[in-house]
Amino acid sequence: MNQRVYKLAEDLKGQVDNVVLLDAVDSTHAMAKRLIADMDGEGQDLRSSLIVADRQDSGEGRGGRH
């Protein structure tokens, strides 16, 4: 994770409840869906979250770009 990402996470404290920093993930969208399912399964209220990964292996960006 580069320093800009850590600075972003620090800058967002107080604005976002949950910051998830990952080296690699299949898809940030899929990770968000798992996070929501886990919170729901534990009876927790949903919180604002930011998921950042250096690399995603199977996710797609805007316009279907990989």
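Heads up: these notes are all about the structure in this document. (Residues numbered from 1 in each chain as written. Predicted model: local features only at pLDDT ≥ 70, side-chain atom pairs only at ≥ 80, totals over all residues. Heavy atoms only, no water.)

### Concerning the pairing of strand β1 (residues 18–25)
The sheet contact formed by β1 and strand β2 (residues 49–56) spans 7 bridges and is parallel. Following the sheet pairing, L21 is matched in β2 by V52. On the question of chirality, the crossover connecting β1 to the parallel β2 by way of helix α2 (residues 28–41) is right-handed. (Pairing = 2+ DSSP bridges. Helix = DSSP H or I, 4+ residues; strand = E, 2+ residues; numbered from the N terminus. Right-handed = clockwise from strand over helix to strand, strands pointing away.)

### Topic: the pattern of salt bridges
Applying the stated criterion across every chain yields a total of 4 salt bridges. Between E10 and K13 there is a salt bridge whose closest N-O contact spans 3.3 Å. Owing to a relative accessible area of 47%, E10 belongs among the partly exposed residues under this scheme. By relative accessible area, K13 is classed as exposed at 58%. (Salt bridge = Lys/Arg side-chain N within 4 Å of Asp/Glu carboxyl O. Buried < 20%, exposed > 50% of the residue type's maximum accessible area, 1.4 Å probe, protein only.)

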